[in-house]
Amino acid sequence: GAWSPDGRWIALMMRGRSGTDLFLQPARGGKPQRLTDTPESETSPTWSPDGRRIAYVSDRTGSPQIYVMDLRTRRSKRITFIGGYNCSPAWSPRGEWIAFSGRWEGRFRIFLVRPDGSDLRVITSGIGNHESPSWAPDGRHIVFSSDARGNYDLYITTVEGAGPWRITSTK
């Protein structure tokens, strides 16, 4: 689940009638509100900083891709079109980017895309898989996990793609 910026809602995925759907659960309890109702899987919700939109993953086109839903209209727009597997969206603190992990040339990389689907950028390269991005509060740095040295460790990169710098060392 993911808390709304105002703390009143939790966006989550639950098994629906025929697939995994997205719901909004009031934080104080009560009946969840269904956001999606498809036979495909919708997962990994992340809120925009203003609380008006949610980015999420859906496999409705046959492979996992990133979508953005306007919560007022409940309309969704697909924003990723490259790569066969895009997941783990994370909205930047200022709302200008969505970071995600996408399979590119056989490995997972960290990408940035604007919420409208424009300006797609890959910001990591090299050996290993790069997954599960999360933003620093400054909106300039991203932490992610990578198995570049065999085991998964945490690394930091910048929006401009500087680094990455390993910050943990697991054995």
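Everything numeric in this text was worked out from a predicted model, so none of it was measured. (Residues numbered from 1 in each chain as written. Predicted model: local features only at pLDDT ≥ 70, side-chain atom pairs only at ≥ 80, totals over all residues. Heavy atoms only, no water.)

**Let's talk about the pattern of salt bridges**
Stage number 1. Enumeration over the complete set of coordinates arrives at eight salt bridges.
Stage number 2. The salt bridge partner of D21 is R34, with a shortest N-O separation of 2.8 Å. Of this pair, D21 sits in strand β3 (residues 20-26) while R34 sits in strand β4 (residues 33-34), placing them 13 residues apart in sequence.
Stage number 3. What makes D21 buried here is its relative accessible area of 0%.
Stage number 4. For R34, a relative accessible area of 27% gives the class partly exposed.
Stage number 5. D153 is the partner of R166 in a salt bridge, and the nearest nitrogen-oxygen pair spans 3.7 Å. Here the residue R166 occupies a position in strand β16 (residues 165-166), and D153 occupies one in strand β15 (residues 151-158), the gap between them amounting to 13 residues.
Stage number 6. With relative accessibility at 33%, the residue R166 sits in the partly exposed group.
Stage number 7. Taking the relative accessible area as the measure of exposure, D153 reaches 3% and is therefore buried. (Salt bridge = Lys/Arg side-chain N within 4 Å of Asp/Glu carboxyl O. Helix = DSSP H or I, 4+ residues; strand = E, 2+ residues; numbered from the N terminus. Buried < 20%, exposed > 50% of the residue type's maximum accessible area, 1.4 Å probe, protein only.)

**Digging into the packing of aromatic side chains**
How two aromatic rings sit relative to each other is set out by the distance from centre to centre and by the angle between their planes.
Stage number 1. Counted according to the given criterion, the structure contains five aromatic pairs.
Stage number 2. Measuring from centroid to centroid gives 5.2 Å for F100 and F111, while their planes differ by 10°, and the two rings are stacked. Within this pair, whereas F100 is found in strand β10 (residues 98-104), its partner F111 is found in strand β11 (residues 107-113), the two being separated by eleven residues in sequence. Accessibility assignment for this pair places F100 and F111 in one class, buried.
Stage number 3. For R60, the ring lying beneath its charged end belongs to Y67, and the centroid distance is 4.5 Å. (Phe/Tyr/Trp six-rings, centres within 6.5 Å; stacked < 30°, edge-to-face > 60°. Lys NZ or Arg CZ within 6 Å of the ring centre and 35° of its normal.)

**Section: the pairing of β15**
Stage number 1. Note that strand β14 (residues 141-149) and β15 share seven bridges and pair antiparallel. Residue S145 lies in a different strand from β15, and its bridge partner there is L154.
Stage number 2. Between the antiparallel neighbours β14 and β15 lie one residue, among them G150 with a positive phi of about 105°.
Stage number 3. Pairing of β15 with β16 involves two bridges; the strand directions are antiparallel. (Pairing = 2+ DSSP bridges.)

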